[in-house]
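Next come the chains, spelled out residue by residue.
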Amino acid sequence: MRETARNCSRWRLAALAGAAALVAALAGACGFEVAPAAPGAQGTRVATPAPASQESPPGKVDENEFQEDVRTAETITDDYWRRHWERLFTGSYSSPRVVGLYNGRDPGSTPTCDGEPLERDNAAYCPAGDFVAWDAHLMRSGYARGDAWVYLVIAHEWGHAVQNRLRRGLVSPAAELQADCLAGAVLYGSSDDGTLKFEDGDEQELVDAFQVIGDKAPWTKPGDHGSSVQRLRSFSRGGENGVRACFT
Ligand SMILES: [Zn+2]
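Residues numbered from 1 in each chain as written. Predicted model: local features only at pLDDT ≥ 70, side-chain atom pairs only at ≥ 80, totals over all residues. Heavy atoms only, no water.

## Here we look at the packing of helix α3 (residues 136-143) against helix α4 (residues 148-164)
Two elements in contact, α3 and α4, have axes separated by 7 Å at closest approach and are oriented at 135°. In this view, α3 runs oblique relative to α4, as classed from their interaxial angle. Touching Leu138, Met139, Gly142 and Tyr143 of α3 are Trp149, Val150, Val153 and Ile154, all from α4. Among the residues forming the contact of α3 with α4, the class breakdown is 7 nonpolar, 1 polar and no charged. (Axes fitted to C-alpha atoms, helices over the stretch in contact; angles between N-to-C directions. Helix = DSSP H or I, 4+ residues; strand = E, 2+ residues; numbered from the N terminus. Parallel < 35°, antiparallel > 145°, perpendicular 65-115°, else oblique. Contact = heavy atoms within 4.5 Å. Nonpolar A, V, L, I, M, F, W, Y, C, P; charged D, E, K, R; others polar.)

## As for the pattern of salt bridges
In total, this model carries 8 salt bridges according to the counting rule given. Of the charged contacts, one joins Arg83 and Asp193 as a salt bridge, the two residues approaching to 2.7 Å between their closest N and O atoms. Of this pair, Arg83 sits in helix α2 (residues 63-88) while Asp193 sits in helix α5 (residues 175-193), and the two are 110 residues apart along the sequence. Judged by relative accessible area, which is 27%, Asp193 ranks as partly exposed. Ionic pairing is found between Asp224 and Lys221, a salt bridge with its closest N-O pair at 3.3 Å. The class for Asp224 is buried, based on a relative accessible area of 14%. Looking at Lys221, the relative accessible area reads 48%, which means it is partly exposed. (Salt bridge = Lys/Arg side-chain N within 4 Å of Asp/Glu carboxyl O. Buried < 20%, exposed > 50% of the residue type's maximum accessible area, 1.4 Å probe, protein only.)

Taken by themselves, the reported measurements are silent on function.
So, in structure tokens, the structure goes:
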């Protein structure tokens, strides 16, 4: 994905078709085994390998591009909420603090949330400190499979910051699936707004990412993330229908 200053309205259609296609891509693959939430592990791939893109080949992380994508994803997501908040919710939007990348392997530098260090190989929104942060190893290993990973993780965690700004009744008991829905709304919404451009291979990367991060079991109780299929479906619902669809 990349930031774009151009306004390209044709992306509206492309994005809609894309979000629907994501669900279609998984519809025929409901029986696959999903890797547990271990993003470093090899997820089962769906269908064919990702089409060639103009980005770095999989497995190789260009550090400058990586850092730039992380910054872009943070900026794009924050901008999206700032731009759309007042049309969607009451009050005005305030950004969470962005702690950003951290080294979960170094206890001395790992940020703490309510007195507890953030988990290694995880990404988090910390309600106590109202900040978002991402383990650098988690982000780099996902990025090695494609840049869409960092956009998804960052937009998802930001979704939790948004939930924390809303009255309780608006937050779904399936809070993780709602955060996926909000991530879809932000990424496709930014594409509609012309601030983000999907490139060849991005959507396949998103499908692959959900296979890696989906739980083995479907959603049943708060705290569960849901299966890959459920997660992708929620993401696509937000992508196709926007933020409001995440609150129905
Ligand atoms: Zn989450």
